[in-house]
Amino acid sequence: MKTYAMNGAGNAFVLLDARGRGEPLSLTGQQVRAIHARHRFDQLLALEADPVADARLRVWNADGGEVGACGNGARAAAWLMFQASADDALTMSSAGGPLAAHRRRDGRVEVDLGRPRLDWSEIPLSRKMDTVAMDYAVDLPGGGRLSRPGAVSMGNPHVVFEVEDVVAVPIAEIGPQIEHDPLFPERVNAGFAQVRGPRSIRLRVWERGAGLTLACGTGACAALVALHRQGRVEREAAIEADGGLLGVRWAADDHVFLSGPVEMQGEIELPELPELAD
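**Digging into the side chain of Glu-110**
Move 1: Tracing the backbone through its elements, the reader meets Glu-110 in strand β8 (residues 109–112).
Move 2: Once residues within four sequence positions are removed from consideration, Glu-110 is found in contact with Ala-100, Ala-101, His-102, Arg-104, Arg-249, Phe-257, Leu-258 and Ser-259.

Here is the structure:
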């Protein structure tokens, strides 16, 4: 089994290519954290064999919890598979739903993350609520507050606040509070979006189980969907993250597509864990 260090717009991954194994990986949170101690990452990814799709994608956050979706991780995994294939399209299964990837002419990979889930029960929230502009607010240290965010699930839950200056928001201080608020029974990813124009968004995301990351693919998708529903942006925009530029479009068929750069750092060695033996 080969293991790689990769990133998508700065979103750091360790990817385990376990497609040749006879059975799925069985990793505990402690084992994921042991890998994180050796090779710092935002998400641990695993590609496994799938009876229908080209592969199954699994995702663990840095805190050891397995989650349903990772947009940049899906792009990175698809990019790796495309390197050994002449095909320009592939499919992956995941806990968050089916994924389709396409190799563009410019060499970048675009993934179809499916339809956003917009009902309060699908995100999920702990009580019924309008998800376009939620009855929810967060007090800022030193005064002021953020309110009326949008909520979206892209296979994982997101809440998106529009802000005037994303760099000025004390995300490291309020991110954990939002992530663990009882309103979000599965915790939540918190996005802070500065609208620069109808097709331009500056975004920073506090990811559940990972903290403030250089980029978040599903967060970029959630930001576009949430802000479009509020009438703030069009259905396609460039999303500037700390680590690079992502492209998001919400197509007429309701599917959300994500594109952007992928960087391969190379093969790495992991801690000696029996579950990782070939």
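**Comments concerning the pairing of strand β17 (residues 244–250)**
Move 1: Two strands pair when backbone bridges link them, and strand β16 (residues 236–241) and β17 are joined in this way by 6 bridges, in the antiparallel orientation. By the bridge assignment for β17, Ile-239 is matched with Leu-246.
Move 2: Where β16 hands over to β17, the hairpin turn is made up of 2 residues, counted between the paired strands.
Move 3: Two strands pair when backbone bridges link them, and β17 and strand β18 (residues 256–260) are joined in this way by 4 bridges, in the antiparallel orientation. In the sheet register, Gly-247 faces β18, and the bridge partner there is Ser-259.
Move 4: Hairpin connection of β17 to β18: 5 residues between the antiparallel strands, including Asp-254 at a positive phi of 80 degrees.

**Details of helix α4 (residues 217–229)**
Move 1: Between its terminal C-alpha atoms α4 stretches 19 Å, which fits the 18 Å expected from 13 residues at 1.5 Å a residue.
Move 2: By the criterion of burial, α4 is predominantly enclosed, with 11 of the 13 residues buried.
Move 3: Those residues of α4 that fall on the buried side of the exposure criterion are Gly-217, Thr-218, Gly-219, Ala-220, Cys-221, Ala-222, Ala-223, Leu-224, Val-225, Ala-226 and Leu-227.
Move 4: Where α4 ends, the next residue or the one after it, Gly-231, has phi of about 80 degrees, a positive value.

**Re unusual backbone geometry**
Move 1: Ile-123 connects to Pro-124 through a cis peptide bond whose omega is -10 degrees.
Move 2: Looking at the element boundaries, Pro-124 is found in the loop between β8 and β9 (137–139).
Move 3: Its identity as a non-glycine residue notwithstanding, Ala-9 has a phi of 55 degrees, on the positive side.
Move 4: Examined against the element boundaries, Ala-9 turns out to sit in the loop between β1 (2–8) and β2 (11–18).
Move 5: Although it is not a glycine, Arg-187 sits at a positive phi angle of roughly 60 degrees.
Move 6: Note on placement: Arg-187 falls in the loop between α3 (171–179) and β13 (189–197).
Move 7: The exposure class assigned to Arg-187 is partly exposed, which follows from its relative accessible area of 25%.

Reading the values: rules and limits
- Residue numbering note: each chain is counted from 1, following its sequence as written.
- For this predicted model, a pLDDT threshold of at least 70 governs which residues receive local features, and a threshold of 80 or more governs which side-chain atom pairs are given and counted, while totals over whole chains, interfaces and linings are taken from all residues.
- Each side-chain value is derived from all of the structure's non-hydrogen atoms; neither hydrogens nor water enter the calculation.
- Helix and strand assignments follow DSSP, with helices taken as H or I runs no shorter than four residues and strands as E runs no shorter than two, numbered in order from the N terminus.
- We call two residues in contact when some of their heavy atoms are within 4.5 Å.
- Strand pairing requires that DSSP identify at least two bridges connecting the strands.
- A helix is expected to span 1.5 Å for every residue after the first.
- Throughout this description, buried means an accessible area under 20% of the type-specific maximum (1.4 Å probe, protein chains only), exposed means over 50%, and partly exposed covers the range between.

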